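# Structural features, examined
If you want the building blocks of each chain, they are given just below.
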Amino acid sequence: DRRRSGLLPFVFSDQASFEDYVEYALNVPMYFIVRHGQWIDMTGIPFRRYLAEGHHGNRATMEDWIQHLTTLFPEVRLKKYLEIRCIDQQPAELMLAVPALCKGIFYENDSLWAAWDLVKKWSWEERVSSYFDSHSQALGTRVRGISLLDLAKELVMIAWEGLERHNQCNAAGKNETIYLERLREEIWRGQCPAYNIVEKWMGEWNYDAKRLIEGTAYRLPEEER
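Everything in this summary refers to the structure shown in the same document.

Definitions and limits used
Residues numbered from 1 in each chain as written. Predicted model: local features only at pLDDT ≥ 70, side-chain atom pairs only at ≥ 80, totals over all residues. Heavy atoms only, no water. Helix = DSSP H or I, 4+ residues; strand = E, 2+ residues; numbered from the N terminus. Buried < 20%, exposed > 50% of the residue type's maximum accessible area, 1.4 Å probe, protein only. Contact = heavy atoms within 4.5 Å. Areas by Shrake-Rupley, 256 points an atom, 1.4 Å probe, with all protein chains shown as cover. Lys, Arg positive; Asp, Glu negative; His and termini not counted. Charge placed at Lys NZ, Arg CZ, Asp CG, Glu CD. Arc of directions from axis to C-beta. Core = buried A, V, L, I, M, F, W, Y, C linked by side-chain atoms within 4.5 Å. Salt bridge = Lys/Arg side-chain N within 4 Å of Asp/Glu carboxyl O.

### Regarding the overall build of the chain
When its secondary structure is counted, the chain shows 10 helices and eight strands. For the chain, the C-alpha atoms occupy an extent of roughly 60 × 45 × 45 Å along the three principal directions. Burial status across the chain gives 32% buried among its 225 residues. The long-range fraction of contacts in the chain, counting pairs at least 24 apart against all pairs at least 6 apart in sequence, stands at 48%. Total accessible area on the chain stands at roughly 14700 Å², and carbon and sulfur atoms take up 54% of it. Taking the average place of the 28 positive charges on the side chains of the chain and the average place of its 34 negative ones, the gap between the two points comes to 3 Å.

What follows is the structure in structure tokens.
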């Protein structure tokens, strides 16, 4: 459902605001509201219309709005925090790389601007094209002659430097760059997590969906069992 998922064009504007996200959410068709434990079908009704007109005697409440926001699935969802959905469901060995990558970029101004410099000149058409191309070409996707692999290497190093500047250390005196080590190794090999799955799918799993499900189910690392 492209009305509630994918990329949001307004977020790339220098004037982007919370109001833009609210306007977007108001125009997205609803799924449901809940009254007295009963789920009421609201399919196809934009929240803006429900807010103005109500529906079968029901008027919009803040709880309805909050529930509606949970039915939006853009790549980055605004709640009380920014939910970066595209990096969800990582294997255990890469799970802590996600917050480490985000902290290294978003919690350090120099890193934040350096990351933006990588893509700020892209047109909307280039952003959309690279987004869909990456679904099949992964890190081999190219924008303006530059591969996403090269951009990924730069992004990881930007985050690494951000964590170095924060220099929050554990009891052993190591800072949070340790959580990026595995990710950096995979990126430098030109790999992403999907490659491992594809190799097994075409190899030892022999195109068996049951093996795919079992092989990608979340499990604790061996040493934590």
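Following the structure, the description resumes.
### Brief notes about helix α8 (residues 181-188)
Those residues of α8 that fall on the buried side of the exposure criterion are Leu-183, Glu-186 and Ile-187. Down the axis, α8 shows its buried residues gathered within 100° of arc, on one side only. Here the buried face of α8 lies against α4 (97-106), α7 (148-166) and α9 (193-202). Gly-190, located one to two residues past α8, shows a positive phi value of around 80°.

### Quick word on helix α3 (residues 62-69)
If you check which residues of α3 are buried, you get Asp-64, Trp-65, Gln-67, His-68 and Leu-69. Tucked into the core, α3 has its buried residues touching α1 (18-27), β2 (32-35), α2 (47-53) and β5 (76-78).

### Digging into the nonpolar core
Counting 24 residues, the largest nonpolar core has Leu-101, Leu-139, Leu-180, Leu-183 and Ile-187 as the members making the most contacts within it. Taken together, the elements giving at least two residues each to this core come down to α4, α5 (109-119), α7 and α8. At nine residues, the largest contribution of residues to this core is made by α7. Apart from residues lying up to four places away in sequence, Leu-139 is in contact with Ser-147, Leu-148, Leu-149, Ala-152, Ile-187, Gly-190, Gln-191, Cys-192 and Tyr-195. Membership of the second largest hydrophobic core comes to 15 residues, among which are Tyr-21, Tyr-24, Met-42 and Trp-65.

### Points about the pattern of salt bridges
This structure, assessed with the given rule, holds 11 salt bridges. For Arg-182, the salt bridge is made with Glu-93, and the minimal N-O distance between the two is 4.0 Å. Taken together, the residues span a long stretch of sequence, with Arg-182 in helix α8 and Glu-93 in the loop between β6 (82-84) and α4 at a distance of 89 residues. When its relative accessible area of 35% is taken as the criterion, Arg-182 is described as partly exposed. Under the relative-accessibility criterion, Glu-93 is labelled partly exposed at 44%.

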